[in-house]
Every structure is written in structure tokens, then in C-alpha cells.
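Observations on the three-dimensional arrangement
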Amino acid sequence: MVHRKISLENQIQAGARSCNMWKIMKENLEDLTSPNLWRAAAAELLGTLFLVFFGCATATGQQNQANPDYVQIALAFGLIVGTMVWGIAHVSGGHINPAITLGALVTRRVSIVRALMYIVCQCIGAIVGAAILFGLTPANARAGLGVNAMQGDVTEAQGFGVEVMITFVLVFTVLASIDGKRSDLHGSAPLSIGLAVAVGHLVAIAYTGCSMNPARSFGPAVIQNAWDSHWVFWIGPFVGSFVAALSYEYIFSAGATLGRTKRCLTRSRAPSEPEKAEELEKVEICELDEKKDQENEEEQLLIEKHAPAE
């Protein structure tokens, strides 16, 4: 009886895993054929293009003939991020940053297909933005064109740590700003995100030039063919994003529970409001069915235990 029960449970679990994989594949295929995906990808390309152009323009010799003005650079990056998020958030979510996209993927807000498409378009947009900046800036004023690099005696390990820290704050702020279950948020999400970008730059320019955005680092690096310590500006932001996404979504978000965490891990994207209601109803029904099954099994075991032996 016990072995048969264990075997049945294993079959049920295997069937559930197979069903979840099929649902994830189906959701990705649906997303791939959705017209909105291509519109959103174009928005991400455009947003990252302007981010790189406006932000990196403040790091050229045309703007800073002697020493770079950290406040000017920080404000430029923060304001252009807030502006572009405001402009395209309704289309794509306004990521314009592979680290933000990774955070959205970890928290199941986007599908795998959409995340990959976003990151590719963000990188293309960054290259185009850096190329336009290169063409519009006099040759003697291009300097590094905003290429990120270790500053002074900062080591790659230290730079990696700085990028993890500042990207954590950015992704944590983004997720907090779009938390639909919070009732205490009455300000502007794009402004909050822009401020997180600005404060990151105020701190990190002196360490790494401040990336917190792999696409922003990738675009100028391609145009300038400058790849020193480039891994720092991908791995650092991705690690910071991953940790921030897990921390906020499953520990600090409004309504975070263990059951919600388990359900999120079986999806490729976050459910819509109707899907949430339907999912909650299904969970309640499943819990009732499980309770009934457990009671029936206990009753059967008691009957078998007290039945006279033949």
C-alpha cells in the first residue's frame, strides 16, 4: 500500500513537471508570435539609443574640457533614464537595461523569449547611440566616448563589487516602484528609477565610470574597440540584479509568501489580474481536494488496521 502510494505520488509529480514545462514553452511561443513583442523590442532599442547618446555625451571632452563633472554626468544619466522610462513604459515596461530585463525574467514578469529579444535590441540600440555620438562629436573631443573602465588603482574585483552594489539598488527600486500590491506608493516611478541611476553614478563614477547597465557599456566599447575589464560591466550588474530580484520578490514585496514563491517558479511570466484570480481559485480547489484525499487515505488505513486477519 505504501509503495503504491509513493509510486503514484512520483507519477503525479512527474506529470506536474511535464505540464509546467509545456506551459512555459506555450507561453514563450505565444509571446514570440505576439505583435506587441516586436513593438516593445523597437521601444527598447530606441530607449537605449537615447540613453547612451545623452548619457555618454556628458563624458566626452566636448562637455568636460578638463575634468569630468560628476554631478552633470549623474544628472544626465538619471534624467534621460527617467524620461525614456516615462515615454516607453506602456509599450515595453521601459527596461532599457539588460540588468533590469534579467530582474524581470527572474520575477517572471517577462518570458524567456521576450527577455532575450529585449537584451539584443538594447545592445543594438546602445551601439547605434554610441555611433551617432561618435559621428556628432569632434575628433579631438571624443575622449573615451564614455567607455567604462577601472579608475585609478581600483582592481577588477573591487569594480565588480561596486557594480553589484549599485545595480542591486537600481533593480530593487524598479521592482518596488512597480509593486502593484503596495498602497503606499503615490509618487512617480520613472522619477524614482532615475534617482536610483543618478545616485549610483554619483558614487561609482570614481570607481568604474559607473555602468549598472551592460548595454550602456557595450555600445561605446564596440565603437571604441575598448574591452579592458569589460566582463565586470556584464557580470557585476547581472549578479546585483539577480540578488535584488530574488530579495525583493520573495522576501520584501507586498504579499510575499512561500506559496506564491513556489507558484512563481513554475511560470515563465507573471500572471495578469484575471489569471491571478483564476489561479487563486484553482489553488483553493486543489487544497480542498488534497485535504479530502488525505482524510480518505487515513480512513482507509484505519479500516485496514482494524480489519480482522483472514
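Everything numeric in this text was worked out from a predicted model, so none of it was measured.

The rules behind each value
Residues numbered from 1 in each chain as written. Predicted model: local features only at pLDDT ≥ 70, side-chain atom pairs only at ≥ 80, totals over all residues. Heavy atoms only, no water. Helix = DSSP H or I, 4+ residues; strand = E, 2+ residues; numbered from the N terminus. Buried < 20%, exposed > 50% of the residue type's maximum accessible area, 1.4 Å probe, protein only. Polar contact = N/O pair within 3.5 Å; in protein donor to acceptor, adjacent residues only side chain to side chain. Contact = heavy atoms within 4.5 Å. Core = buried A, V, L, I, M, F, W, Y, C linked by side-chain atoms within 4.5 Å. Phe/Tyr/Trp six-rings, centres within 6.5 Å; stacked < 30°, edge-to-face > 60°. Salt bridge = Lys/Arg side-chain N within 4 Å of Asp/Glu carboxyl O. Axes fitted to C-alpha atoms, helices over the stretch in contact; angles between N-to-C directions. Parallel < 35°, antiparallel > 145°, perpendicular 65-115°, else oblique. Left-handed = near helix turned anticlockwise from the far one by under 90°. Nonpolar A, V, L, I, M, F, W, Y, C, P; charged D, E, K, R; others polar.

Looking at the element boundaries, Asn-148 is found in the loop between α5 (112–136) and α6 (156–177). We classify Asn-148 as buried; its relative accessible area is 4%. Polar side-chain contacts of Asn-148 include one of 3.1 Å to the backbone oxygen of Cys-210. One polar contact links Asn-148 to Ser-217, side chain to side chain, over a distance of 2.6 Å. Sequence-distant contacts of Asn-148, defined by excluding residues within four places in its chain, comprise Thr-208, Gly-209, Cys-210, Ser-211, Arg-216, Ser-217 and Phe-233.

The next subject is the nonpolar core. If you look at the biggest cluster of nonpolar residues, it comprises 42 residues, and the most contacted ones within it are Val-81, Ile-96 and Leu-170. Of all the secondary-structure elements, those providing two or more residues to this core are α2 (35–57), α3 (70–92), α4 (98–106), α5, α6, α7 (189–208) and α9 (232–252). Tallying contributions element by element places α3 first for this core, with eight residues. The contacts of Val-81, once residues within four sequence positions are left out, are Leu-51, Ile-96, Ile-193 and Val-197.

The topology assignment puts Gly-55 in helix α2. Take Gly-55: its relative accessible area is 0%, and that puts it in the buried class. Between the C-alpha atom of Gly-55 and that of Gln-72, which follows or precedes it by 17 residues, the distance is 9.6 Å. If we skip the residues at most four places from it in the chain, Gly-55 touches Phe-50 and Phe-77.

Taken as a whole, this structure holds nine aromatic pairs when the rule is applied. Geometrically, the ring pair formed by Phe-53 and Phe-54 is edge-to-face, given 5.6 Å between the ring centres and 75 degrees between the ring planes. The exposure class of Phe-53 is partly exposed, given its relative accessible area of 21%. Measuring from ring centre to ring centre gives 5.5 Å for Phe-168 and Phe-172, while their planes differ by 15 degrees; the resulting arrangement is stacked. Of this pair, Phe-168 and Phe-172 both sit in helix α6, four residues apart, roughly one helical turn. For Phe-172, a relative accessible area of 22% puts it in the partly exposed group.

Bringing the environment of Ile-96 into the picture now. Along the polypeptide, Ile-96 turns up in the loop between α3 and α4. With a relative accessible area of 2%, Ile-96 lands in the buried category. When the C-alpha atoms of Ile-96 and Ala-41 are compared, they prove to be 9.9 Å apart, with 55 residues separating the residues in sequence.

This paragraph deals with unusual backbone geometry. With a phi angle near 65 degrees, Arg-108 is a residue other than glycine that sits in the positive phi range. Relative to the helices and strands, Arg-108 resides in the loop between α4 and α5. For Arg-108, a relative accessible area of 18% puts it in the buried group. The backbone of Leu-145 sits at a positive phi, close to 60 degrees, despite the residue not being glycine. With respect to the secondary-structure elements, Leu-145 resides in the loop between α5 and α6. Note on Leu-145: relative accessible area 0%, which makes it buried.

With the rule as written, the count across this model stands at two salt bridges. Between Arg-109 and Glu-249 there is a salt bridge; the shortest N-O distance is 3.1 Å. Taken as a pair, Arg-109 in the loop between α4 and α5 and Glu-249 in helix α9 lie far apart in primary sequence, 140 residues in all. With its nearest N and O atoms 2.8 Å apart, the salt bridge here joins Asp-184 to Arg-182. Assessed through its relative accessible area of 47%, Asp-184 is described here as partly exposed. For Arg-182, a relative accessible area of 29% puts it in the partly exposed group.

On to α4. The element α4 is extensively covered by neighbouring structure, given that seven of its nine residues are classed as buried. Of all the positions in α4, only Pro-98, Ala-99, Ile-100, Thr-101, Gly-103, Ala-104 and Val-106 are classed as buried. Looking at the packing, one finds that the buried side of α4 touches α5, α6, α8 (214–224) and α9. You can read the cap of α4 off the contacts: a side-chain oxygen lies 2.8 Å from the backbone nitrogen of Ala-99, and it is on Asn-97.

With their axes 8 Å apart at the nearest point, α3 and α7 run at an angle of 155 degrees to one another. With respect to α7, the element α3 is oriented roughly antiparallel. Where α3 crosses over α7, the two elements pack in a sense that is right-handed. Facing α3, whose interface residues are Tyr-70, Val-71, Ile-73, Ala-74, Phe-77, Gly-78, Val-81, Gly-82, Val-85 and Trp-86, α7 presents Pro-190, Ile-193, Gly-194, Val-197, Ala-198, His-201, Leu-202, Ile-205 and Ala-206. Looking at the contact of α3 with α7, its residues break down into 15 nonpolar, four polar and no charged.

Nothing here speaks to function; it is geometry throughout.
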